[in-house]
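Survey of secondary and tertiary structure
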Amino acid sequence: MDNKQTPENNNYSKEEMARTIAKNMSSHSFSDNSDIRNTLSDKDFKEKKPLSKTKIILLSVGAVALVALLTFYFYGMAKTKDKFLPETYINGGNVGAMTVEEVTEFFQKKQAEKVPKNITIVKADGTSASIPGDKIGYNDNIAKSVESFFESQNHYFWFTSLLSKEEFELKVEYSYDLDKLDGEVQRRVVDTSLDDGSEDAYIEKSDKKFVIVEEIQGTKIDSSKQTELLEYIKEQISQGNTRVDISELDFYEKPEVVAEDLQETCDKLNAIVDITIAYDFDYTTETLEGETIIDWITVNKRSKVPYTVDSDKVMEYVEQLAGKYDTYKKDRTFKSTSRGTILVKQGKGCYGWWIDQQKTCDALIEAIEAGENASLEPVYYVNPNSNYKYTCNEDWRTEKTDIGNTYIEVDLKKQHLWYYENGKLKFETDIVSGKPTEERNTPEGVYKLWLKEKDKTLTGSNSTESWETPVKYWNNISTIGVGLHDATWHSSFGGDRYKNYGSHGCINMPLEAAKYVYENIEIGTPCVMYW
């Protein structure tokens, strides 16, 4: 390449060509006229007159000039063959006497200085992906443009280039195979980012405090923005940028939860440390402190729900409350009228306090999530079939009993009923209880007067019979169909009549006795029945 011409070292000019041609003309010699005469016959010399000396000189000069001119022309043709004509300029550089290959190579080298062989993509993690140009079909217009410039020159009139210069402008354009570029970007940029996804901010519990762990912006390309990313890279390359920085652009998957989203929740959680939730049990209060509550809170990393209250732990607490304060299904010590203090089995009785544990648990979780001080009452169970509520008179509730001094007492052995109000006997009557068979026996237990109806027809059936019995006063004390009602078909009450003429389980009473219960005993009064 040291001997190759370039637009910078090309000094071939009109003056140098002229000197070269003159030198060739001076060294040219002609043979004498004997050669010509030898071709002519003696007859020819005899017929023509000899030329004058002047004409001979003129003809000789003309011949010499013609030969010189032809020599000059063909020498110029040979000199400019396969080369650009003298005084040819491309982008301001003289390429005269240079071949198409030399000019092409020159401009391709200059282009290579501007356009590196590789395309570099700077990613968000600071690393770079290098895409070789030959991998994406790099192509430019230099060779075709130089060839077209050369072919546009008329080398038969090469000498005209000695009189004026010819200028060309080479606008370099280059391109890539876009399909190949898409594939390389997918492989070298998108696919390599798949394991570097973003991470959501989350709340973390540290000792007795909650703190926010900030989100992490990953480098995984957002699949919904891949097309936009490819178009951006193509646009940058088309503008001549072979180093494309996408590190700060919005092409990456973003965290769904950022620290700012969690600040309010974190503040609320930290406030829980100082809250108090109090449960009212009428005669006492159970207090739940925030320091206990925060141990029930589970923070959820990388979840749309930043934290949850551990329902299992809350339920354990509610179960403890139920175990301590529920009185339903519990046996009771009772001071009877004629037998002294006895133990009454709960049996099938419905009396007592019965916490609906699931609903109470749900309500407590809701209160905890509110993050504020609260005074609550347990949610008590309600029978879904009868709407019977398992609660009692709040005034009668103490640590030792929930019956109080107002109650109905039924001694099933004595077949007798007493009613006490504030500890004083207000009413008593003989009764007839259920016939002592498996299907008709009256079960002992602690019941509650909870429903009153007049002129009701009692219906029922068992394995051997069915019945429809109209009564004047229906005083329901159970959830199993046992109640206190008038039974005017009996000729007497008390004694052993129940053994042969007993009811289907209810307490049969004289009409006036049933009326007394209906008109004088309040709803909610406990009814203690025992054998």
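Preceding this paragraph is the structure being described.
Described in the following lines is the structure provided in the data block. (Residues numbered from 1 in each chain as written. Predicted model: local features only at pLDDT ≥ 70, side-chain atom pairs only at ≥ 80, totals over all residues. Heavy atoms only, no water.)

1. Topic: the overall build of the protein
- Tallying secondary structure elements over the protein gives 14 helices and 26 strands in all.
- Taken over 531 residues, the protein has a buried fraction of 41%.
- Here the analysis covers contacts within the protein between residues at least 6 apart in sequence; of these, 68% occur between residues at least 24 apart.
- Here the protein displays about 30400 Å² of accessible surface, and carbon together with sulfur accounts for 47% of that area. (Helix = DSSP H or I, 4+ residues; strand = E, 2+ residues; numbered from the N terminus. Buried < 20%, exposed > 50% of the residue type's maximum accessible area, 1.4 Å probe, protein only. Contact = heavy atoms within 4.5 Å. Areas by Shrake-Rupley, 256 points an atom, 1.4 Å probe, with all protein chains shown as cover.)

2. Brief notes about the packing of helix 5 (residues 100–114) against helix 6 (residues 142–151)
- For the pair helix 5 and helix 6, the least separation of the axes is 9 Å and the interaxial angle reads 145°. Read as a crossing pair, helix 5 and helix 6 show a hand that is right-handed. Only Ile142, Ala143, Val146, Glu147 and Phe150 of helix 6 make contact with helix 5, whose side of the interface consists of Val100, Val103, Thr104, Phe107, Gln108 and Gln111.
- Split into classes, the residues belonging to the contact of helix 5 with helix 6 amount to 7 nonpolar, 3 polar and 1 charged. (Axes fitted to C-alpha atoms, helices over the stretch in contact; angles between N-to-C directions. Left-handed = near helix turned anticlockwise from the far one by under 90°. Nonpolar A, V, L, I, M, F, W, Y, C, P; charged D, E, K, R; others polar.)

3. Some remarks on the pattern of salt bridges
- For the coordinates displayed, the defined rule picks out 17 salt bridges.
- For Glu253, the salt bridge identified is with Lys220, shortest N-O distance 3.9 Å. In this pair, Glu253 is assigned in the loop between strand 10 (243–245) and helix 9 (259–272) and Lys220 in the loop between strand 9 (209–213) and helix 8 (226–238), connecting sequence segments 33 residues apart.
- With relative accessibility at 23%, the residue Lys220 sits in the partly exposed group.
- A salt bridge links Glu465 to Arg440, with the nearest nitrogen and oxygen atoms 3.3 Å apart. (Salt bridge = Lys/Arg side-chain N within 4 Å of Asp/Glu carboxyl O.)

4. Points about the nonpolar core
- Counting 51 residues, the largest nonpolar core has Ile272, Ile277, Tyr279, Trp296, Val314, Leu364 and Ile368 as its most contacted members.
- The element that contributes the greatest number of residues to this core is helix 11 (residues 311–325), accounting for 7 residues.
- In contact with Ile277, not counting residues within four places along its chain, are Glu286, Thr287, Leu288, Ile293, Leu364, Ala367, Ile368, Ala374 and Leu376.
- Tyr388, Val410, Leu484 and Val517 belong to the second-largest nonpolar core, a separate cluster that totals 25 residues. (Core = buried A, V, L, I, M, F, W, Y, C linked by side-chain atoms within 4.5 Å.)

5. A short note on the environment of Trp353
- Its location among the elements puts Trp353 in the loop between strand 16 (340–344) and helix 12 (357–370).
- A relative accessible area of 3% places Trp353 in the buried class.
- The spatial distance from the C-alpha of Trp353 to the C-alpha of Cys392 is 6.4 Å, given a sequence separation of 39 residues.

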